[in-house]
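Each chain, written out:
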Amino acid sequence: MKEYKFYGWEQADVPATAEEYKQIKNPKHLYDLLSEIWCADTCAPRMRDEWSKENMTLGQCSITAFLAQDIFGGDVYGILRPGGNYHCYNVIGDCVFDLTSEQFGDEVLSYENNPVQSREVHFAKEEKRLRYEYLKEELGKKVHAKADEGI
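What counts, and at which threshold
Residues numbered from 1 in each chain as written. Predicted model: local features only at pLDDT ≥ 70, side-chain atom pairs only at ≥ 80, totals over all residues. Heavy atoms only, no water. Core = buried A, V, L, I, M, F, W, Y, C linked by side-chain atoms within 4.5 Å. Buried < 20%, exposed > 50% of the residue type's maximum accessible area, 1.4 Å probe, protein only. Helix = DSSP H or I, 4+ residues; strand = E, 2+ residues; numbered from the N terminus. Salt bridge = Lys/Arg side-chain N within 4 Å of Asp/Glu carboxyl O. Phe/Tyr/Trp six-rings, centres within 6.5 Å; stacked < 30°, edge-to-face > 60°. Pairing = 2+ DSSP bridges. Disulfide = S-S within 2.5 Å. Axes fitted to C-alpha atoms, helices over the stretch in contact; angles between N-to-C directions. Contact = heavy atoms within 4.5 Å.

I'd love a proper account of the nonpolar core, names of residues and values included.
With 40 residues, the main nonpolar core has I24, L30, L34, F72, F97 and L139 as its most contacted residues. At the level of secondary structure, the elements contributing two or more residues to this core comprise α1 (27-34), α2 (61-72), β2 (86-92), β3 (95-97) and α4 (126-149). Here this core gets eight residues from one element, more than from any other, and that element is α2. With six residues, the next largest nonpolar core counts I79, V91, F104 and Y111 among its residues.

Explain the pattern of salt bridges residue by residue, including any values.
For side chains bearing opposite charge, pairing can occur when the charged atoms are close. Tallying each qualifying case throughout the model produces 12 salt bridges. Across the pair E36 and K142 runs a salt bridge whose closest N-O atoms are separated by 2.8 Å. One end of the pair, E36, is in the loop between α1 and α2; the other, K142, is in helix α4, with 106 residues separating them in the sequence. Salt bridges linked by common partners bring D70, R119 and K136 together as one network.

Describe the packing of aromatic side chains, listing the residues and the values that go with them.
On inspection of all chains with the given rule, the structure shows 11 aromatic pairs. For the ring pair Y31 and W38, a centre distance of 5.5 Å and an interplane angle of 75° mean the geometry is edge-to-face. Residue class for W38 comes out buried when judged on its relative accessible area of 1%.

Pulling in residues and values, what's your account of the pairing of strand β1 (residues 75-80)?
Both β1 and β2 contribute to a ladder of six bridges, which runs antiparallel. Looking at β2, one finds that Y77 is bridged to Y89. What sits between β1 and β2 in their antiparallel hairpin is a turn of five residues, with G83 showing a positive phi close to 95°.

Quick one: what's the story with the state of the cysteines, residue by residue and with numbers?
Counting across every chain of the model gives zero disulfides. The structure places no disulfide on C39, whose sulfur is separated from the nearest cysteine sulfur, that of C43, by 9.0 Å. The exposure class of C39 is buried, given its relative accessible area of 18%. The closest cysteine sulfur to the non-disulfide-bonded C95 is located on C88, 16 Å from its own sulfur.

Summarise the sheet that holds β1; cite the residues concerned and give the values.
Sheet strands pair via backbone hydrogen bonds, and the direction of the pair is either parallel or antiparallel. Taken together, the three strands give an open sheet; going across it, the order is β1-β2-β3, and neighbouring strands pair in antiparallel fashion. Edge strands, defined here as strands with exactly one partner in the open sheet, are β1 and β3. Within the sheet, the average angular offset between the axes of one strand and its neighbour, ignoring direction, is 30°. Seen against the sheet, α2 touches β1, β2 and β3 and runs at an angle of roughly 15° to β2.

Quick look at the structure:
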């Protein structure tokens, strides 16, 4: 079995609930697909200079978490970070996972007692909404291309 480095990967076996993404087996499969999409253009602008393929989840948290919510349902929660921003992750029933936790290296984050995040608040920033829409569009293309290949 492939080992992942994102938080909660061991229990990340929830199925897609959205019909348009039914080919995505679970959050680990989504991570694999997004690994081919995440780029400097999908990274938060304030972090772009630090983004690299080696740290591909840097600056991708909210757009990734809300896209995962579109696919698997559940809620998006946020860990308050220094500077007042929230790092977003997903909770679906008892399943807690953070597809972008690798960006923090060895730092241990607390995934308990955090506030629910609202896409309306996050996407009030147009640049963030546009990055989310781009990520979603690119994922759709990848899913449909793989479906056409029979994968």
